[in-house]
Amino acid sequence: MPAAEEVKSSWADEVELEGGSLPPSTEVLENGQKIITEYKYNEDDKKIKIVRTYKIEKRIVSKSIALRKTWKKFGEASGDKPGPNPATTIVTEDVYMQYITSKEEDNKQEDDGIDKLKALGDKNAVKCRTCNGDHWTTKCPWKDTMLVGGKMPDEKKLSAVTGAGEAGKQGGSKYVPPSMRDGAAKRTDGSNMAKRDDSYCAIRIANLSESTTESDLEELVKQFGPLQKLYLAKDKMTGMCKGFAYIHFKFRNDAAQAIARLNGHGYDHLILSVDWSRPMPNSNP
Amino acid sequence: MKPIILQGHERAITQIKYNREGDLLFSSSKDNKPNVWFSLNGERLGTFNGHQGAVWCIDVDWTSTRFMSGAGDNSCKIWDCETGKELCTISSASSVRTCLFSYSANMAVYTTDKAMKQPCEMFIIDTRIVDDSSSGQQPIFRIPISGPRISSILWDSLDEGIITGHENGELIAWDLKSGKQINRVKDHDGLVNDMQWNKNRTMFVTASKDHTAKLFDAKDLLLLKTYKTERPVNSASISPIMDHVVVGGGQDAMDVTTTSARVGKFDSRFFHMVFEEEFGRVKGHFGPINSVAFHPDGKSYSSGGEDGFVRVHTFDSSYFEYNFDY
């Protein structure tokens, strides 16, 4: 990983030096880290500096393993220095295990449940709390629009009008508690819901400046409403802000408001970009 | 997880193997130099120089003192693990496809291909003392295989038997006292590429060209479980600590140029051992995976691919926290 370093001589001196040989490579051992600095010419004959940082770890192992660790390198590797040779050993970027949930099956089972309930002739067994439609509340097509505080769709009015008529009918049909319904055993109020809820009111703020702290961020967003969780991405080594943060509001319309107000808002010499937080890539297969 | 890429080979990886403690990782490829690496940091310990052809199979004994390799140059070599020096060369009539030390490493087995008018044969040799004279030594057993050739092999019940996997998908159990077949099953429809034990050697998993990996009971070769994929399976390994099986494979090497990495399905796939259901995938290789192996502590695994790279993956905590929904 290349890192910035203070320049000891002026650039003019460096240009002068360039005609000569490259500075020797150095190895520095400090607080559990080994820093190797090398100089090279790249394809364009420009001098480049390569700084590699290794973390030194100590482990306690059995005698036989420790003994093997002291073996001399042989064959093609005989010329290698102790430690991994960057020519043969490369650490790559993160990869994630993609978990395959049985989501598709879950959905199918739920649909089965609805079909079964419908088949029973119990028309109002499934009723949306938002628009009184013939579906679960979580699957309501108006779900988003309602919560953002926008206008209610026309259908809602319609159903509200007809709702009065239906209410009479509803009284006639016997109420079945959810736990007693046919599909109840199959349905789990499981991870699906929890996951959705979590990212439901979450927004992502990007293009934050390096010096942003959690308290700065809190000050910035708490004007919009109560928060549930606040996460500011920070560099492991330096503790500086990585430039983005996730905010979980208690209420979705607070979050929507925050997006509307903060997106494009100038903050600490940078222009923020704010949007809904998308679910983690490894949570959807 | 941040995989470590081991880039020591110039051609496709043929097999990777950990030693018993898991601190060393051996790899062989179609170039002629098997490599050995420290599995923890990916540091290369050395290369075993001396073969003239593609190295098909490797094995290391339980004390990690001797290393064996079989190659397409019609030879099987035994090496000193510490120095990388060749201890002996055993020449054969055709290329050596599989080789394996027995559990005690007092014996070793290697098999040759049916090629150049030579039959497929299985040789069992004494490896208690290995030096220059071992080259001319008579094998303990020399068993000609009349049917389809052997493509993978395992020692069974410590040192008393051998299980061979064949080109047509057959598995045969051999008794070494008599040198006779004692059991024979045919549950696969295609070449058995690889066989690997579980930790206590009661079951083993096979990987076959017929797009499946299967779990067998070692005692009577009873088929227990089947793990189905859409592509040929080249290798499968059982986790020593979890009920998981990792399966590696992909499009046939010869069809790779006509498929993109995305549809080639070059990911390692994780199956639940009991429920036979796939629950996770790890991407990374841009060619089919030829060999996979779990670290003996179960906390990391490696895969070697047709692309010539070995990738050492150390699992994140999410892997250990993952619970299979059932």
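Looking at an unreviewed UniProt entry, chain B carries the name Eukaryotic translation initiation factor 3 subunit I, with the source organism given as Phyllotreta striolata. What UniProt states about chain B under its Subcellular location (unreviewed entry) heading is, verbatim, "Cytoplasm". Per UniProt, the comment on chain B under Subunit (unreviewed entry) is "Component of the eukaryotic translation initiation factor 3 (eIF-3) complex."

In the annotation of an unreviewed UniProt entry, the entry for chain A reads Eukaryotic translation initiation factor 3 subunit G, and the organism field reads Phyllotreta striolata. Within the UniProt record for chain A, the comment given under Sequence similarities (unreviewed entry) is "Belongs to the eIF-3 subunit G family." Word for word, the UniProt comment on chain A under Subunit (unreviewed entry) is "Component of the eukaryotic translation initiation factor 3 (eIF-3) complex."

Caption draft 1: Looking closely at the UniProt feature "repeat: WD" (unreviewed entry) in chain B. Mapped onto this structure's residue numbering, the UniProt feature "repeat: WD" (unreviewed entry) falls at residues 6-37, 48-89, 185-226 and 282-312 of chain B. Secondary structure content for residues 282-312 of chain B is 0% helix and 52% strand, while the C-alpha to C-alpha distance between its ends is 12 Å.

Caption draft 2: Fine view of the sheet that holds strand S1 (residues 26-30) of chain A. Residues and elements named next belong to chain A. Ordered by their spatial adjacency, three strands build an open sheet running S1-S2-S3, and the pairing between neighbours is antiparallel. Only two strands of the sheet have a single partner each, and these edge strands are S1 and strand S3 (47-55). For this sheet, the mean inter-axis angle between neighbouring strands, taken without regard to orientation, is 15°. The pairing of strand S2 (residues 33-41) with S3 spans nine bridges and is classified as antiparallel. Its bridge partner being in S3, tyrosine 39 is matched across the sheet by lysine 49.

Caption draft 3: Layout of the packing of aromatic side chains. Evaluation of the coordinates by the stated rule reveals 25 aromatic pairs over all chains. An angle of 15° between the planes, with centres 4.9 Å apart, marks the rings of Tyr110(B) and Phe123(B) as stacked. On the criterion of sequence distance, the pair formed by Tyr110(B) in strand S11 (residues 107-112) and Phe123(B) in strand S12 (residues 120-126) is long-range, its members being 13 residues apart. For the pair formed by Tyr110(B) and Phe123(B), the shared burial category is buried. With centroids separated by 6.2 Å and ring planes inclined at 55°, the aromatic side chains of Phe270(B) and Phe279(B) adopt a geometry described as tilted. With respect to burial, Phe270(B) and Phe279(B) carry one shared label: buried. Aromatic rings pair up to connect Tyr99(A), Phe270(B), Phe279(B), Phe294(B), Tyr301(B), Phe315(B), Tyr319(B), Phe320(B) and Tyr322(B) into one cluster. The ring of Trp276(A) has Arg252(A) sitting right over it, with the charged end atom 4.1 Å from the ring centre. The ring of Trp56(B) has Arg97(B) sitting right over it, with the charged end atom 4.1 Å from the ring centre.

Caption draft 4: Examining the sheet that holds S11(B) more closely. Residues and elements named next belong to chain B. Strands sit in the order S10-S11-S12-S13 across an open sheet of four strands; the sheet is antiparallel. Edge positions in the sheet fall to strand S10 (96-101) and strand S13 (141-145), since each has one partner strand and no second. Pairwise comparison of adjacent strand axes, ignoring direction, gives a mean angle of 15° for this sheet. Bridge count for S11 against S12 is six bridges, and the pairing is antiparallel. Bridging from a neighbouring strand, threonine 111 pairs with methionine 122 of S12.

Caption draft 5: Focus on the pairing of strand S25 (residues 278-282) of chain B. In terms of residue burial, S25(B) counts as a mostly covered element, since four of its five residues are buried. Direction of pairing for strand S5 (residues 98-99) of chain A relative to S25(B): antiparallel, over a ladder of two bridges. The residue bridging Tyr99(A) from the neighbouring strand is Gly280(B), located in S25(B). Both strand S24 (residues 268-272) of chain B and S25(B) contribute to a ladder of four bridges, which runs antiparallel. Within S25(B), the position partnered with Phe271(B) by the bridge is Glu278(B). Following S24(B), the chain reverses through five residues before pairing antiparallel with S25(B); Glu276(B) in that reversal takes a positive phi of roughly 60°.

Caption draft 6: Focus on the nonpolar core. Counting residues in each nonpolar core, the largest one holds 21 residues, and the members touching the most others are Ile203(A), Ile205(A), Leu208(A), Leu217(A) and Phe249(A). Put simply, the parts of the chain that give this core at least two residues each are strand S6 (202-206), helix H7 (214-222), strand S8 (241-249) and helix H8 (252-262) of chain A. In this structure Leu208(A) touches Leu217(A), Leu232(A), Cys241(A), Gly243(A), Phe244(A), Ala245(A), Tyr267(A), Leu270(A) and Leu272(A), once residues within four positions along its chain are discounted. Judged by nonpolar contacts, the second largest core, of 16 residues, contains Phe279(B), Val282(B), Tyr301(B) and Phe315(B).

Caption draft 7: A look at the pairing of strand S18 (residues 192-197) of chain B. Residues and elements named next belong to chain B. Of all the six residues making up S18, five are buried; the element is thus mostly covered by neighbouring parts of the structure. Examined bridge by bridge, S18 and strand S19 (residues 203-208) share five bridges and lie antiparallel to one another. Note that in S19 the partner of glutamine 196 across the bridge is valine 205.

About the thresholds
- Residues numbered from 1 in each chain as written.
- Chains lettered and ligands numbered in written order.
- Predicted model: local features only at pLDDT ≥ 70, side-chain atom pairs only at ≥ 80, totals over all residues.
- Heavy atoms only, no water.
- UniProt positions renumbered as here; feature names shortened; annotations may be inferred.
- Helix = DSSP H or I, 4+ residues; strand = E, 2+ residues; numbered from the N terminus.
- Pairing = 2+ DSSP bridges.
- Axes fitted to C-alpha atoms, helices over the stretch in contact; angles between N-to-C directions.
- Phe/Tyr/Trp six-rings, centres within 6.5 Å; stacked < 30°, edge-to-face > 60°.
- Buried < 20%, exposed > 50% of the residue type's maximum accessible area, 1.4 Å probe, protein only.
- Lys NZ or Arg CZ within 6 Å of the ring centre and 35° of its normal.
- Core = buried A, V, L, I, M, F, W, Y, C linked by side-chain atoms within 4.5 Å.
- Contact = heavy atoms within 4.5 Å.

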